[in-house]
Amino acid sequence: MSVSGMKKQLHKASQLLNERLMGAEGTKMDEDFLRMEKSVAVIHTLLLELLSRTTEFLQPNPAYRAKLSMLNTMSRIRGQGRCTGYPQTEGMLGDCMLLYGEELGAASEFGGALSGVGDALQQVGQARDALDVNVKRTFIDPLQDLHNTELKEIRFQLKKLNGRRLDFDYKKRRKGKVPVEEMRQAWDKFMTSKELAERSMFVLLQNDMDRLSRLAAMVAALLDFHRNAHRILQGLHGNLQARLTAASNRPGRRFRPKRIRVRSEHNGSIGFFHQPSITSAAASGEPVTVLPSRPGSPVSCYADSKLVLDQPCCRAMYSFHSNHEGELGFSEGDLIVLTCQVDANWRQGRAQT
């Protein structure tokens, strides 16, 4: 900075201190200018807040926003054209449902429904991605450009105008010590800056139509998204209702125990027994419990039994003393091997202590 420039800055600082501390009055702007200046200040603050809130509305997770910004910056540094997209919550939920729907398989009604809902949510996530792109292109970018160009230029002109006003007021306060020609030059510079700033603010404030069109474009993008989401979810709802109706009309399935074929370790013969536990009656009519096989052995009738048999067996829960010929007597805890089934209610067997 030259000596004259430094002196001018000192004169401006002196005038500012006189106005702030000593109550000196500077040159006052007209009411129209002050009203326009206030409106421009409001628009500047509005744009900063609006751009930030719109970004939060489209991408509500701050951690993902920071990560996305870092990844996109790295992509630009590396010269990669493709940028990473924001992970939409609908898409993440859809991925989870699709994963577990495939795990359950097509045979599961719930699994099939999960896959359908997951696919629909992924479509909603894609529609939200389209909303992000449209709002950024038609609303955020134009307003950001307005903030970075016109508003930045107006703020620069107002700052320059204030500096020239301070310079003129300082020279006016030192009237008689400053040449008249220098006073006239300071006045001319002040009025030129005022006219430029006033014209720029007027153009900005009169161009409401452009900002109104940007707002309408954002609302149109939101409307398109909600229409697409409504269409997708409406189809999903109909599909789920059809699945629900079909499932309610389908006859119920009954559980049927399966018999397991096991080869005996003693003679190589093959025997069968029922897999699930059932409660049956012994030949005497006293209740006994049929025990399932223990994992790891061909046929084990009891958890701690070392006897391997080729036939179903059970352990008596109560003692019974036979009173007639053909009845089987046994004591509590005896092992009863079932040899055959007489009918639906009776079986024949032999007791082993």
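The rules we used
Residues numbered from 1 in each chain as written. Predicted model: local features only at pLDDT ≥ 70, side-chain atom pairs only at ≥ 80, totals over all residues. Heavy atoms only, no water. UniProt positions renumbered as here; feature names shortened; annotations may be inferred. Salt bridge = Lys/Arg side-chain N within 4 Å of Asp/Glu carboxyl O. Helix = DSSP H or I, 4+ residues; strand = E, 2+ residues; numbered from the N terminus. Buried < 20%, exposed > 50% of the residue type's maximum accessible area, 1.4 Å probe, protein only. Axes fitted to C-alpha atoms, helices over the stretch in contact; angles between N-to-C directions. Parallel < 35°, antiparallel > 145°, perpendicular 65-115°, else oblique. Left-handed = near helix turned anticlockwise from the far one by under 90°. Core = buried A, V, L, I, M, F, W, Y, C linked by side-chain atoms within 4.5 Å. Contact = heavy atoms within 4.5 Å. Nonpolar A, V, L, I, M, F, W, Y, C, P; charged D, E, K, R; others polar.

An unreviewed UniProt entry lists the chain under the name Endophilin-A3-like, from Seriola dumerili. Its UniProt record gives the chain a comment under Sequence similarities (unreviewed entry), which states: "Belongs to the endophilin family."

A. How the structure looks around the pattern of salt bridges. Within this structure, the stated rule accounts for 18 salt bridges. The closest approach of N and O atoms between Lys-171 and Glu-182, which form a salt bridge, is 3.2 Å. Highlighted residues: Lys-171 in helix α5 (residues 109–173) and Glu-182 in helix α6 (residues 180–206), separated in sequence by eleven residues. Residue classification places Lys-171 among the buried positions, given a relative accessible area of 9%. Sharing partners across several salt bridges, the network here consists of Asp-30, Lys-194 and Glu-198.

B. Spatial organisation of the packing of α5 against α6. Viewed as axis vectors pointing N to C, α5 and α6 meet at an angle of 155°, and their least axial separation amounts to 8 Å. Taken together, the axes of α5 and α6 lie roughly antiparallel to each other. Regarding α5 and α6, the two cross each other, and that crossing is left-handed.

C. The arrangement of the nonpolar core in detail. Phe-33, Val-40, Leu-131, Val-135, Leu-158, Leu-161 and Met-201 are the most contacted members of the largest nonpolar core, which has 37 residues in total. Those elements that place two or more of their residues in this core are α2 (31–58), α5, α6 and α7 (208–249). Element by element, the count of residues in this core is highest for α5, at 16 residues. Sequence-distant contacts of Val-40, that is, excluding residues within four places in its chain, are made with Leu-151, Ile-154, Met-201, Leu-204 and Leu-205. Judged by nonpolar contacts, the second largest core, of seven residues, contains Cys-314, Phe-330, Ile-336 and Leu-338.

D. Region of interest: the packing of α2 against α5. Where α2 meets α5, the closest approach of the two axes is 10 Å, and the angle between their N-to-C directions is 150°. The pairing of α2 with α5 is recorded here as roughly antiparallel in orientation. In this structure, the crossing between α2 and α5 has a hand that is left-handed. Partitioning the contact of α2 with α5 into residue classes produces 18 nonpolar, five polar and three charged.

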